[in-house]
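Listed here are the chains, written in short residue letters.
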Amino acid sequence: MKFAIQVNEGPYNHEATVSALNFTKAALEAGHEIFRVFFYHDGVNNGTRFTSPPQDDIHITNNWSELAAKHELDLVVCVAAAQRRGIVDEGEQERQGKDGNNIAPGFRISGLGQLVEAGIQSERLVVFGD
Amino acid sequence: MSETKKFMYINRKAPYGTIYAWESLEVVLIGAAFEQDVSVAFVDDGIYQLCKDQDTTGLGIKNFSATYRALGDYDVNKLYIEKESLDARGLTLDDLMPLKYEDENDDWAEKDSIHVVSSQELAELFEQSDVLFNF
């Protein structure tokens, strides 16, 4: 089965992010394909490498990055949602004239069309959030 | 990308308490460019998104209600309102914006985009959809 995943909530604030992570891991381990993980609303906050939770807590962003490296996952952060919430890659840094960027390894910033395309290309779109 | 799917956007939340409604509308507008078969449902507090005379002056945040009027121009003209959600909130169709579209297959006649449906009918529409976007 080819899945697309949509993550609508921020890490730590909401269990949706860890549920999405666990679902994605389980689907890959079961031999399914993850076409794309799309981060929307506060979900874009999963994609900052400046995250530094206490050592005895799960590092959600690093988990995504490691999963992406291992399985060549496409982790896409919505550009409009990211601009509102200060998630920046090198391209956005240049376009918006910011003094730095914070995108985590394995994530990329792109448009909402990527979510719509994921809905078209996948057999199931699974949405995590309220 | 030539395949056409039945897209259903489900709006469940009031327009200004959280950003879900506005960012959902952004997906609908972007998605319209992909020429899919699009429907939009409004249930629970989501029906407040279509209320008339929205005024956010006191809130100090952007009033985006006028954007719903543009949906018809994007060929998004199947808007389903759950009757039970209307009734539970003491609202009727008269409380909602009269959203219209021009039907190119009927000499551009102006028609209502909004359809009030029962919970059961909405469940059937969900069942017939290929992709459910849940906001």
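Residues numbered from 1 in each chain as written. Chains lettered and ligands numbered in written order. Predicted model: local features only at pLDDT ≥ 70, side-chain atom pairs only at ≥ 80, totals over all residues.

**Observations concerning the confidence of the model for chain B**
Consideration 1: Looking at chain B, pLDDT values average 94 and 99% of them are 70 or higher.
Consideration 2: Here the complex is predicted with pTM 0.91, and the ipTM for its interfaces comes to 0.85. (pLDDT = per-residue confidence, 0-100.)

**Let's talk about the packing of helix α1 (residues 16-29) of chain A against helix α2 (residues 60-71) of chain A**
Residue and element names in this part refer to chain A.
Consideration 1: One can describe the packing of α1 onto α2 by two numbers: an axis separation of 11 Å at closest approach and a directional angle of 20 degrees. When the axis of α1 is compared with that of α2, the two are roughly parallel. Considering the relative orientation of α1 and α2, their crossing is left-handed. Across from Thr-17, Val-18, Leu-21, Thr-24, Lys-25 and Leu-28 in α1, the residues of α2 making contact are Ile-60, Asn-63, Trp-64, Leu-67 and His-71.
Consideration 2: Classifying every residue of the contact of α1 with α2 by side-chain character gives 6 nonpolar, 4 polar and 1 charged. (Axes fitted to C-alpha atoms, helices over the stretch in contact; angles between N-to-C directions. Helix = DSSP H or I, 4+ residues; strand = E, 2+ residues; numbered from the N terminus. Parallel < 35°, antiparallel > 145°, perpendicular 65-115°, else oblique. Left-handed = near helix turned anticlockwise from the far one by under 90°. Contact = placed C-beta atoms within 7 Å. Nonpolar A, V, L, I, M, F, W, Y, C, P; charged D, E, K, R; others polar.)

**Thoughts on the interface of chain A and chain B**
Consideration 1: The interface is formed by 12 residues belonging to chain A together with 16 residues belonging to chain B.
Consideration 2: At the level of secondary structure, the elements contributing two or more residues to the side of chain A that touches chain B comprise α3 (79-85), α5 (113-121) and β5 (124-128) of chain A.
Consideration 3: Counting residues per element, the side of chain A that touches chain B draws most heavily on α5 of chain A, which supplies 5 residues.
Consideration 4: Looking at side-chain class alone, the side of chain A that touches chain B contains 9 nonpolar, 3 polar and no charged residues.

**Notes on the pairing of strand β5 (residues 109-112) of chain B**
Residue and element names in this part refer to chain B.
Consideration 1: Judged from the 4 bridges that link them, strand β4 (residues 100-103) and β5 form a sheet pairing that is antiparallel. Residue pairing across strands places Tyr-101 opposite Lys-111, the latter belonging to β5.
Consideration 2: The antiparallel pairing of β4 with β5 creates a hairpin that spans 5 residues between the two strands, and Asp-107 there sits at a positive phi of about 55 degrees. (Pairing = 2+ DSSP bridges.)

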